[in-house]
Amino acid sequence: MALIDFQNVTKRYKTGEQVLTDINISIAQGEFVSLVGASGVGKSTLLKLIYAEEKATEGAVFFDGRDLSLIKRRVLPHYRRNFGTVFQDAKLLENKTIYENVAYTLEIHGKSTAQIREEVPRILDVVGLSGKMDKYPGEVSGGEAQRASLARAVIHRPRVLVADEPTGNLDPEATWNIVNLLLKVNEFGTTVILATHDTQIVDQIHRRVIVLKDGRVTFDQNSATYTQTTHL
Amino acid sequence: MKMIKLMRALREGALNFYRDMWLTVATVTVMVLTLFLIGTTLLLGFGISETITSIEKRINISIYFNHDTEEETITQIKEDLEDRNLKEIQKIVYISRDEALDRMKEFSENDPDMQKALSLLDENPLRDALVITASETGDYEKINKFFGQEYAADIAETSYDKSRDTISVLRDQMIFVRNITLGLSLLFIVIAVLVTFNTIRMSIYVHRKEYEVMRLVGASNLYVRIPVVAEGVLYGLVSGLLTILLLLMGLAALQPTLAGLFPESNNILLVYRNSIAMILLIIVSTGIFLGLSGSYIAIRRYLER
C-alpha cells in the first residue's frame, strides 16, 4: 500500500488562485522522490498538503490510508511527528544553540534527558557539526545551519523527510553535502521527498522524478533524470 | 502533557526571558512605567482616603448642658445612648466642666494672656459636655437634631451650629477629590492595560517565525504557548517588583516635602500603614495579570487553527 496517496487533488487558495490541478501521485515507504519544477509552480503547496499545513480543496490526500482532511486539529502535532522538514532557510530557532535546536524535537516528543544527551551529539556527528554544538545559528555558515536543520528533521526517526529547496541558498560543495545526507537518510528507510529546481542534482541522484508544470504533473518516472523530461 | 514536558516548557520561558535581553528590557521598561503610573495613582488615592479618615476622626460635636443639669442626668443620658446602640454614633465621651477647665489651662500653658484671663475667673464659666463622634461625617446633622428633640430641656447649646459650615464644606471637598482620583485611576489603568498589551504583542510578533517552526517540528499548541505565557508572567513579576522599588524610593525622596502635610506622622509610610501591603500586592498582581493575559491572547493568532 502507498504511504502517501494523492487522489484527484486540486488546491485553490482563498484568493481564488488555483495552484494544483487534479494531482494523482502515490509514494511508497522508502522511496526517494525528486519533485521538480520552476518556482511558483506549486511544489511547496504539494508538500504542505502532505504534512497537513494545508488542506485539499477537491480530492483527498491519504497518509498510511488515513484521509488527512479528517484529522482533528488537536492531533495535528502528533501527525506531524511522522515528518521531518527542511526548508530553503534553515528555520532554526535563533535564540537556541545548534545543540538545543536539535534537542528541541526530542523534547517535544517527551524523550528523557539522558536519551537526548546521548542522541543529539550522535546525529550532530553524522552531519559533521560536532564542533559547533554550542554555536548559535547566527554564528555558523548557511551550509552548517542547513545541516543542523537536517539533523533536527531526522533525529526522531520520522517516516518521511520533506525537503523544500534545501540547497537553494548553498554553494556547490554545501549542496552536495546535503544531498549526500539526504541519500544516507533514505538508505536507513526514511521516505525522502525533495523539492528542487536544481536539475543538476536531480540528474545525479537518478531516482524517481515528478515534474510539476502549471500545477499539473507532467512527468513521473522511476530512475529518471531531468534531462529526459526536456526531450518529451 | 507529561511532567517533564511541562518543566521543559517553563524552563524554555525563563530561558527566553534571559536570552532575549534587549526585548526583555524594552518590555519590562514599558511595563514598569505603566505600573508606576498605576502605583502613583493608587498611592495618591489611598493617601487621600487615609487623610480623609484621619480628618473625619478628628471631627466631633460637643453637646453643652445647662449649668443646673446634674452630672448624674448627663451620665444617664450617655448610658442610655450607649445602650440604644445607635448606628450613627461611634463614640461618646463625657467631659465635666472642671475637666474642661483643666484642659483649657493645660492648652494655654504657653499663652500668658490666656493664663492671666483664666486666673481672673472666680467661677468656672464652662459647661458639662458630651463629645460625640459620628460614624460618618454626614451624620452630624442628624445627631444634632436628635439631641435638640430628645433632650431640649437640658441642653444649652451644641457646637454644631458653629461648625456646621466647616464640616459640610470639608466633606464636599473630600468627596470631590476622592472622585477625581478615582476617575483618574480608572483612566490610567485603561491606558496602562492597552500599552502593556501592545508591548507584549510586539514582543511576541518578533518571534512569530519561531512559533511556526515549533509547530512544524511537531510542538502542540500548548507546548508553544506555555513558554510564551511563562515569559509574560516573568515580565509582569519583574516589572511589578521593580515598580515597587521605584515607588518606595520615590516616597523616601519626597518624605521631607510630604511630611509637612501630615504633621502627626513623621514618616510618610505611616500614612500608608493600613494600605501599603494592599497597594504593593495590587501592583505585583496587576503586573502578573497583564503579562499573563497579554501573552495568552497575543500568542493565539500564531497557533494552529
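Residues numbered from 1 in each chain as written. Chains lettered and ligands numbered in written order. Predicted model: local features only at pLDDT ≥ 70, side-chain atom pairs only at ≥ 80, totals over all residues. Heavy atoms only, no water.

## Let's talk about the nonpolar core
Across soluble globular proteins, nonpolar side chains show a tendency to be buried alongside one another. All names here are of chain A. Of all hydrophobic cores here, the largest spans 36 residues; its most connected members are Val120, Leu124, Leu161 and Leu182. Only helix H3 (98-108), helix H4 (113-126), helix H5 (142-154), strand S7 (160-164), helix H6 (172-187), strand S8 (191-196) and helix H7 (199-205) provide two or more residues apiece to this core. Per element, the largest residue contribution to this core is seven residues, and it comes from H6. Beyond its immediate stretch of four places on either side in the chain, Leu161 contacts Gly84, Thr85, Val86, Leu150, Ala153, Val154, Leu182, Val185, Thr190, Thr191, Val192 and Ile193. Judged by nonpolar contacts, the second largest core, of 32 residues, contains Leu47, Leu49, Leu68 and Val160. (Core = buried A, V, L, I, M, F, W, Y, C linked by side-chain atoms within 4.5 Å. Buried < 20%, exposed > 50% of the residue type's maximum accessible area, 1.4 Å probe, protein only. Helix = DSSP H or I, 4+ residues; strand = E, 2+ residues; numbered from the N terminus. Contact = heavy atoms within 4.5 Å.)

## Notes on the domain arrangement of chain B
Looking at chain B, the domain boundaries give domain 1 (3-56 + 170-302) and domain 2 (59-163). For domain 1 of chain B versus domain 2 of chain B, the separation of C-alpha centres amounts to 50 Å. (Domains from an automatic or database assignment.)

## Observations concerning the sheet that holds strand S4 (residues 155-158) of chain B
All names here are of chain B. Strand order in the open sheet formed by four strands is S2-S3-S1-S4, with antiparallel pairing between adjacent strands. The sheet terminates laterally at strand S2 (89-95) and S4, the two strands that pair on one side only. Looking at each pair of strands side by side, their axes are set apart by 20° on average, direction ignored. Bridging between S2 and strand S3 (residues 129-134) involves six bridges; their strand directions are antiparallel. Within S3, the residue paired with Ile95 across the bridge is Ala129. (Pairing = 2+ DSSP bridges. Axes fitted to C-alpha atoms, helices over the stretch in contact; angles between N-to-C directions.)

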